[in-house]
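# Tertiary structure, described
Okay, here's what each chain looks like letter by letter:
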Amino acid sequence: MTMPHHALDITLARPLTPAELHRATRTVPLAANHDATHLLAVVPAKTPGKALNRLRHQTARLLPVDVITTHYPDPNGQILLNVDFPPATHADLQAAADSAGQPLRLFLELALHRALARHAAEEADRLDRAVQHLLAHTTPPHLLAALGRALTHAPGVAPC
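This section reports on the structure supplied with the text. These numbers come from a predicted model, not from an experiment. (Residues numbered from 1 in each chain as written. Predicted model: local features only at pLDDT ≥ 70, side-chain atom pairs only at ≥ 80, totals over all residues. Heavy atoms only, no water.)

### Observations regarding the packing of helix α3 (residues 87-100) against helix α4 (residues 104-135)
Packed helices, taken two at a time, are described by their axes: the angle between them and the distance between them. For the pair α3 and α4, the least separation of the axes is 9 Å and the interaxial angle reads 90 degrees. In terms of axis orientation, α3 runs roughly perpendicular to α4. Together, His 90, Leu 93, Gln 94, Ala 96, Ala 97 and Ala 100 of α3 and Leu 104, Phe 107 and Leu 108 of α4 make up the contact between the two elements. (Axes fitted to C-alpha atoms, helices over the stretch in contact; angles between N-to-C directions. Helix = DSSP H or I, 4+ residues; strand = E, 2+ residues; numbered from the N terminus. Parallel < 35°, antiparallel > 145°, perpendicular 65-115°, else oblique. Contact = heavy atoms within 4.5 Å.)

### Comments concerning the pairing of strand β3 (residues 38-44)
Burial of β3 is one-sided: the residues Leu 39, Ala 41 and Val 43 facing one way are buried, the residues His 38, Leu 40, Val 42 and Pro 44 facing the other way are not. For strand β1 (residues 5-12) and β3, the ladder comprises seven bridges, and the chain directions are antiparallel. Bridging from a neighbouring strand, His 6 pairs with Val 43 of β3. Strand direction decides the pairing type here: strand β2 (residues 31-32) and β3, joined by two bridges, are antiparallel. By the bridge assignment for β3, Ala 31 is matched with Leu 40. Between the end of β2 and the start of β3, which pair antiparallel, lie five residues, with Ala 36 showing a positive phi angle near 55 degrees. (Buried < 20%, exposed > 50% of the residue type's maximum accessible area, 1.4 Å probe, protein only. Pairing = 2+ DSSP bridges.)

### Some remarks on the sheet that holds β2
Strand order across the open sheet formed by five strands is β2-β3-β1-β4-β5, with antiparallel pairing between neighbours. What marks the edges here is a single partner per strand, and that holds for β2 and β5 (81-83).

### A look at the side chain of Glu 20
Checked against the element boundaries, Glu 20 lands in helix α1 (residues 18-27). Here Glu 20 is in contact with Arg 14 and Pro 15, once residues within four sequence places are set aside.

### Looking at the nonpolar core
Core analysis: the largest hydrophobic core is formed by 19 residues, its most contacted members being Ile 10, Leu 30, Leu 55 and Leu 63. Sorting the residues of this core by element identifies β1, β3, α2 (48-59) and β4 (65-70) as the ones contributing at least two each. (Core = buried A, V, L, I, M, F, W, Y, C linked by side-chain atoms within 4.5 Å.)

Here it is in C-alpha cells:
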C-alpha cells in the first residue's frame, strides 16, 4: 500500500531570504509565493494531522513558521491548523481550557468556530448596512445592474 500525500500550506512570520529558502528546499521540497511569505509542501503521511506534525518538525529549525494548514478541506469541509504557541501562551490556553472543563484541542476548536461565526455575522451586517445606504440613493434595479457589471468586470472573474 502506498502512503497518501497531503498538500500543506505554510504561512511564515516574515519573508524568507533567498538563502533561507534554498536551505529549506534542500531538506523539504517547497514551492514559494512571489514574496516568500507563503509556502506549499506535499508531505507523505497516514493522516493529515501526522503530515502537519511531520512538516512542523522538519521545518522548525529552518523556517520562521507561523501556521501550517492543510491545503484542501477534509471530507467534513474542515481545514486543519497546526500552530506552535509559545510556552506562556500554551499555559494560559491550557488553564482556560481546564477552567471550561474541556480538552485544549476542543477548547481551541470551539473558540475558533465562535470567532469565525462572529466574523461572518459582522461581515453580513456590514454588507447589509452598505446595501441600505446604496438603496437610499438609487433603485433596486439600478443597484442590481451595477452589481452585475462590477462582478463581471472584477479581476479574476470570467465573463458569463
